[in-house]
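Structural overview for review
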Amino acid sequence: MKVILAGYPKTGTKTMRQAFIYLGLSNYDFPENCQFLRKDWMKILTKGGTTEDFRRMYENVDTVTDMPGFYFWEEIHEAFPDAKIILTKRANEEEWCRSFKSQMAKGDGIFHKFLVYLSPTGYLFSVFVKKLAFVVFGTYGTDPLFGKNKFSDVILKGKYRRHNAHVLQCAPSDKLLVYDLEEGWGPLCAFLGYPVPSKPFPFKNRGASFTEEWMTKHPYFLQMQKEMLISGGILLLAFVIFCYLVFIV
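What this report covers is the structure whose coordinates are included nearby. Bear in mind the structure is a predicted one, so any value in this text is a computation, not a measurement. (Residues numbered from 1 in each chain as written. Predicted model: local features only at pLDDT ≥ 70, side-chain atom pairs only at ≥ 80, totals over all residues. Heavy atoms only, no water.)

Here's the deal with the nonpolar core
- Membership of the largest hydrophobic core comes to 51 residues, with the highest contact counts inside it found for Met1, Trp41, Tyr58 and Phe137.
- For this core, the element with the highest residue contribution is helix α2 (residues 30-46), accounting for 7 residues.
- Ignoring any residue separated from it by four or fewer positions in sequence, one finds Trp41 in contact with Asn33, Phe54, Met57, Tyr58, Pro68, Gly69, Phe72 and Phe128.
- Formed by 17 residues, the second largest nonpolar core is a distinct cluster that contains Ala19, Phe20, Tyr179 and Phe191. (Core = buried A, V, L, I, M, F, W, Y, C linked by side-chain atoms within 4.5 Å. Buried < 20%, exposed > 50% of the residue type's maximum accessible area, 1.4 Å probe, protein only. Helix = DSSP H or I, 4+ residues; strand = E, 2+ residues; numbered from the N terminus. Contact = heavy atoms within 4.5 Å.)

Examining unusual backbone geometry
- Of note, the amide linkage connecting Met67 to Pro68 takes the cis form, showing an omega dihedral of -5°.
- Position of Pro68 among the secondary structure elements: in the loop between β3 (63-64) and α4 (73-79).
- One non-glycine residue, Lys10, lies in the positive phi region at around 75°.
- For Lys10, the position within the fold is in the loop between β1 (3-5) and α1 (13-22).
- On the basis of relative accessible area, Lys10 is assigned to the buried category, the value being 10%.
- Of note, Asp66 is a non-glycine position whose phi angle comes to about 65°, a positive value.
- When you line up the elements, Asp66 lands in the loop between β3 and α4.

What about the pairing of strand β4 (residues 84-88)?
- Buried residues dominate β4, accounting for 4 of its 5 residues.
- For β4 and strand β5 (residues 176-179), the ladder comprises 4 bridges, and the chain directions are parallel. Across the sheet, the residue bridging to Ile85 is Leu176, located in β5. (Pairing = 2+ DSSP bridges.)

A word on the packing of helix α6 (residues 110-118) against helix α7 (residues 120-136)
- For the pair α6 and α7, interaxial distance at closest approach is 5 Å and the crossing angle is 105°. As the angle between them shows, α6 and α7 are arranged roughly perpendicular. Contact residues: Leu115, Val116 and Leu118 in α6; Pro120, Gly122, Tyr123 and Ser126 in α7.
- Split into classes, the residues belonging to the contact of α6 with α7 amount to 5 nonpolar, 2 polar and no charged. (Axes fitted to C-alpha atoms, helices over the stretch in contact; angles between N-to-C directions. Parallel < 35°, antiparallel > 145°, perpendicular 65-115°, else oblique. Nonpolar A, V, L, I, M, F, W, Y, C, P; charged D, E, K, R; others polar.)

Focus on the environment of Ile86
- Along the chain, Ile86 falls in strand β4.
- Along the sequence, Ile86 and Gly186 sit 100 residues apart, while their C-alpha atoms lie 14 Å from each other.
- When sequence neighbours within four positions are dropped, the list of residues in contact with Ile86 reads Val3, Ile4, Leu5, Ala6, Gly7, Met16, Phe20, Leu177, Tyr179, Leu188 and Phe191.

Points about helix α9 (residues 185-192)
- Listing the buried residues of α9 in full gives Trp185, Leu188, Cys189, Phe191 and Leu192. Down the axis of α9, the smallest arc covering the buried residues is 160°, so these residues share one side.
- Where α9 ends, the next residue or the one after it, Gly193, has phi of about 80°, a positive value. (Arc of directions from axis to C-beta.)

Overview of the sheet that holds β1
- One open sheet holds the 5 strands; their spatial order is β2-β3-β1-β4-β5, and the pairing between them is parallel. The open sheet terminates on both sides in strands that have one partner only, identified here as β2 (27-28) and β5.
- With 2 bridges joining them, β1 and β3 adopt parallel strand pairing. Looking at β3, one finds that Val3 is bridged to Thr63.

So this is what it looks like as structure tokens:
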């Protein structure tokens, strides 16, 4: 582990992931943590974890972004004391809260609701995310089966504010960069000791677009949809057989 992004989701985590990849660094973002480390994180969230746990989880990964790693930046840094820490923030907590709720609204559709019931992988993902959300955000919202999920702004902004303050207070000053994405490659590459790439600095997930990108391209979420189609097909076949036996035979 070389770099820990300690910024909350919706502070440029997808942009930072792509920037790290452009610099030749491997990365675990939210999907990779769910796909490969879900059992480890469930243990940490329910029973606790040791420095050795975090070292084993990330020993072959260069960078970590987004949930759950950002929230446990301190524990990961204890396992990798030479790693550098980057804190990204929004202009203010109100802006961050609006952006977060806009992202969460992308999962309010009926397709996403039924995905967790018809896909075993989706179900395990949902259990993990709900438990994680209470730790990271202090709430999972109202979580209705139908309609829009509603969140408490007071709880969200309080969590965001206290997390940022804790990073600023406790991260080693010689290992910490408070980074504004609009500054581009310069400060980031200088901090990490990498030459500036020839590629333009990447800006990702504007307009909360990553939900759709994950659902159409990421193997983890494609697996959920494949399982959903199989389960749906089995249920439909069972319904047809039932109707045949009851109404025809």
